[in-house]
Amino acid sequence: MNTLIQDLRYGARMLMTRPGFTLIAVVTLALGIGATTAIFSIVNAVLLRPLPYPDADRLLYVGQQYRIGLAGSGEPKFLFWREQSKSFEALAAYSSFGGAGGNLSGGTEPEFVRGLRISQDFFRVLGVYPATGRAFTSEEDSRGGARVAIISDELWHRRFGADPMVLGQTVSLNDQPVAIVGIMPPHFELGFAADLFVAMQAHSEANYDPNATVIGRLNPGVTIEQAQAELKVIADQYRAAFPRQMQEGESIGAQRYQESFTGGVAQLLWILLGAVGFLLIIACANVANLQLARAATRQREIAVRMALGASTLRIVRQLLTEGLLLSLVGGGAGLLLAVWSGELLKALMPEGLLPAVTPITVDWRVLAFAFNCAIATGLLFGLAPAWQARKVDVNTALKENAGKGGTARGRLRGALVVTEVALSLVLLVGAGLLIRTFANLLGVAPGFDPHNVLTCQLTLNGERYDTTNEAAAFYRDALERISSLPGVEAAAITNKLPLDWQFNMPVVFPNDPDKSETVQFRMISPDYFRVMRIAVQQGRAFTDADNSSAAPVAIVNEAFARRFFDGQQPMAQQLSIGRGANDPVRQVIAVVGDIKQSGLDRPSPPMVFVPIPQVPDKLMAIVRSFTSANFTGRTTVAPLSLGAALKREISELDPTLPLSGISSMEEISARSIAPQRFNMFLVGLFAALGLALAAVGIYGVISYTVSQRTNEIGIRIALGAQTRDIIRLVLGQGFTLAMLGTSLGAVGAYWLTRLMKSQLFGVSATDPLTYAGVGVLVALVALVACYVPARRATKVNPIEALRWE
């Protein structure tokens with residue numbers, strides 16, 4: 001212990017005697033460790049930390065299994081699964097209502113709240129119950145049961161002022177009285193926002209519920225494989241009982257509930273962690289080079305200590321102690337940087353990229369990771385000078401010109417620079433591919449014009465709007481008011497905007513009644529195509545004449561025509577929406593251009609449009625249960641400047657209906673590519689830092705080499721070497737290291753960037769243009785890094801240089 005304390009004291013003194021070296025090394029390590037820890041904190045929160053529910057490993061997501069993965073379930077299927085399953089302690093279902101929420105009124109200004117319809121066992125499955133009040137009873141979750149609700153702690157504080165008397169209070173939800181029976185505990189999170197819960201009251205007569213998510217808690221001792229085997233048997237039983245309710249190839253599957261939240265971002269997070277890990281290795285290599293340069297100046301000191309009896313092991317231990325001390329200081333600074341940059345990352349992170357159920361915090365895993373990073377980096381860059389210290393020859397080192405040689409040390413420093421360049425090139429290639437991806441996305445035609453379009457959402461629920469005629473009358477009056485506002489060219493309504501999540505409905509073709517496909521469904525007002533500037537390729541757009549008394553009509557997009565009409569004349573085709581026998585047969589009257597829906601990087605899906613007045617009451621109820629009415633208006637002024645006027649007009653029509661989600665289509669378009677922008681920014685930042693560190697490494701090695709070869713350069717100048725000869729000599733050495741690193745990096749990038757394929761769009765992982773551009777960039781940076789010491793070498797005074805011989 002005394003020896004360790006001696007080593008620490010001596011190491012601290014040595015670091016303080018060279019404050020410039022210490023500061024550069026600490027900053028470099030803080031940068032590498034801090035960035036790595038910040039990304040790890042996200043990986044830890046999303047992928048490693050269990051969900052904040054008791055025995056979260058027993059929670060499964062259960063859904064309809066297709067070739068492309070799992071999907072939600074309808075209420076009849078959920079009820080059948082719950083009745084037949086024996087592997088689960090409990091099964092529960094939840095789905096959004098009213099376009100992910102509803103209108104809460106009573107006491108204060110009406111408010112749109114995000115909510116869920118949940119089955120009775122929802123809280124039992126999660127293992128979390130209301131902190132105040134109670135959960136739903138089986139009677140309340142039955143068809144025709146009492147209308148009750150449970151609210152979040154945040155809503156309780158925000159709207160009700162944390163009033164403890166709120167339990168039992170009746171509020172108006174979607175124009176219906178609802179009694180509050182429970183309040184959830186603080187910080188209760190799902191993978192999405194939810195302020196209010198109502199009983200699902202699932203029933204087997206429901207023929208369409210695309211948004212129901214089923215979750216289950218396994219019985220103790222039951223494995224996921226056993227549950228999956230049972231679910232396949234249940235799928236066969238359901239197919240035998242209801243053959244028309246299951247598609248060909250459909251089954252039932254299950255996965256860990258946490259994977260249902262994280263599956264879409266897991267690969268991205270591992271890629272980011274790998275990228276920042278490369279940055280950490282580059283930082284370590286840089287500090288190792290600094291240590292080697294410093295060790296060269298300490299050869300005499302080490303030789304004196306060895307001459308006085310210090311063993312090689314003692315010298316190596318001292319140097320490793322100094323390296324670990326330096327890394328711990330850098331690690332501490334890096335942890336502070338990680339906390340700060342973590343907050344910055346959360347601010348820059350696109351909304352919805354990560355599930356809300358996993359808050360990003362610095363816990364013991366993150367602290368342990370930062371500490372282990374510091375120790376590992378200390379050993380990594382401390383081994384190089386310690387290993388070289390083993391080979392110090394006391395007699396040679398004590399000579400007057402000691403430290404002027406060191407061929408082995410030069411080879412090691414060169415190898416470290418090659419490593420830095422190779423890793424930085426891998427990062428640059430990855431960043432280049434993401435930049436190309438983002439540029440390609442910006443160049444994609446979305447099928448509509450997002451400029452100068454104002455949008456907002458309104459949930460039209462309540463007894464006053466039970467029928468299509470009542471809803472259509474309100475929409476008509478609202479559009480007249482909005483269209484008359486100064487600065488509005490035209491206004492329209494749709495149940496789903498472009499670049500938003502999908503809303504599907506089954507389509508049946510009268511000439512082939514056994515054929516049923518699920519496609520994107522939109523109910524729209526006549527001016528929708530005009531507002532969004534969606535091209536009508538054939539036929540005509542809807543007009544006010546396409547009302548409830550007119551012949552039922554529909555419009556399809558080009559993707560729909562290509563898939564289902566197979567070259568036939570679209571206007572000669574008929575279809576019906578839904579699987580019911582009484583669903584009206586519609587004549588196709590037009591084909592419009594394709595519209596991007598799930599993202600600019602995905603193909604346009606088949607889509608069918610129906611005029612609002614011709615939507616049957618039953619279908620209208622389904623649409624309003626799962627989507628909001630989206631008002632859209634093309635303006636001649638800044639769209640958001642009309643938000644207040646829009647709210648005023650709707651409030652005058654019905655003061656109980658709050659508007660939400662006031663935005664512009666340009667903002668919605670920008671949000672759709674925000675994840676790609678975020679990926680590009682982070683990987684690009686890591687690549688830029690890596691290249692800068694690699695340039696510093698090249699500069700350091702060449703500067704050290706010039707100082708070691710001062711005598712040689714002086715002799716060359718004395719013998720008549722010209723300035724360009726000296727520059728060529730120095731640049732050649734640095735450029736050789738850079739090109740070797742570039743070659744190795746290109747090979748590494750060729751293999752590693754294949755892991756990014758799912759993150760790319762319109763560019764191959766082996767795109768030659770990106771590789772060539774990055775190679776040229778690295779070469780230019782290497783030349784600049786070498787040129788400064790090369791110019792300094794040309795100024796060597798041969799008389800001064802030869803005086804030391």
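For clarity, every value in this text was computed on a predicted model and none was experimentally measured.

Two numbers describe how helix α22 (residues 723–752) lies on helix α23 (residues 768–794): the axes approach to 8 Å, and their chain directions differ by 150°. By the criterion of interaxial angle, the relationship of α22 to α23 is roughly antiparallel. Seen along the crossing, α22 lies across α23 with a hand that is right-handed. In the contact of α22 with α23, the residues fall into 19 nonpolar, 5 polar and 1 charged.

Topologically, Gly734 is positioned in helix α22. On a C-alpha basis, the gap between Gly734 and Ile698 in space is 6.6 Å, while along the polypeptide they are 36 residues apart. If sequence neighbours within four positions are ignored, Gly734 has contacts with Ile702 and Cys786.

Counting residues in hydrophobic clusters, the biggest one holds 100 residues, and the most contacted among them are Ile39, Leu354, Phe609 and Ile698. Ignoring sequence-local partners within four residues, the contact set of Ile698 consists of Val417, Val421, Ala738, Ala782, Ala785 and Cys786. In this structure, Leu454, Cys456, Phe503 and Phe560 belong to the second largest nonpolar core, which totals 50 residues.

Before going further, it helps to spend a moment on the environment of Val178. Relative to the assigned elements, Val178 resides in strand β8 (residues 176–183). The exposure class assigned to Val178 is buried, which follows from its relative accessible area of 2%. Taking C-alpha positions, Val178 is 8.8 Å from Val198, a pair spaced 20 residues apart along the chain. Apart from the residues within four sequence positions on either side, Val178 is in contact with Arg147, Val148, Ala149, Gln169, Thr170, Val171 and Leu173.

Let us now look at the packing of aromatic side chains. Evaluated as defined, the whole model comprises 18 aromatic pairs. Ring centres of Tyr238 and Phe242 lie 4.9 Å apart, and the angle between their planes is 45°; this geometry places the pair in the tilted category. Given the relative accessible area of 4%, Tyr238 is considered buried. Since its relative accessible area comes to 38%, Phe242 is described here as partly exposed. With centroids separated by 5.4 Å and ring planes inclined at 65°, the aromatic side chains of Tyr465 and Phe474 adopt a geometry described as edge-to-face. In this structure Tyr465 comes out as buried when scored by relative accessible area, which is 8%.

Here helix α3 (residues 75–84) crosses helix α6 (residues 224–241) at 125°, and the two axes come no closer than 10 Å. By the criterion of interaxial angle, the relationship of α3 to α6 is oblique. In this structure, α3 crosses over α6, and the sense of that crossing is right-handed. Between α3 and α6, the residues in contact are Pro76, Lys77, Phe80, Trp81 and Gln84 and Glu230, Ile234, Gln237 and Tyr238, respectively. Here the residues of the contact of α3 with α6 sort into 5 nonpolar, 2 polar and 2 charged.

Cut-offs applied
Residues numbered from 1 in each chain as written. Predicted model: local features only at pLDDT ≥ 70, side-chain atom pairs only at ≥ 80, totals over all residues. Heavy atoms only, no water. Axes fitted to C-alpha atoms, helices over the stretch in contact; angles between N-to-C directions. Helix = DSSP H or I, 4+ residues; strand = E, 2+ residues; numbered from the N terminus. Parallel < 35°, antiparallel > 145°, perpendicular 65-115°, else oblique. Left-handed = near helix turned anticlockwise from the far one by under 90°. Nonpolar A, V, L, I, M, F, W, Y, C, P; charged D, E, K, R; others polar. Contact = heavy atoms within 4.5 Å. Core = buried A, V, L, I, M, F, W, Y, C linked by side-chain atoms within 4.5 Å. Buried < 20%, exposed > 50% of the residue type's maximum accessible area, 1.4 Å probe, protein only. Phe/Tyr/Trp six-rings, centres within 6.5 Å; stacked < 30°, edge-to-face > 60°.

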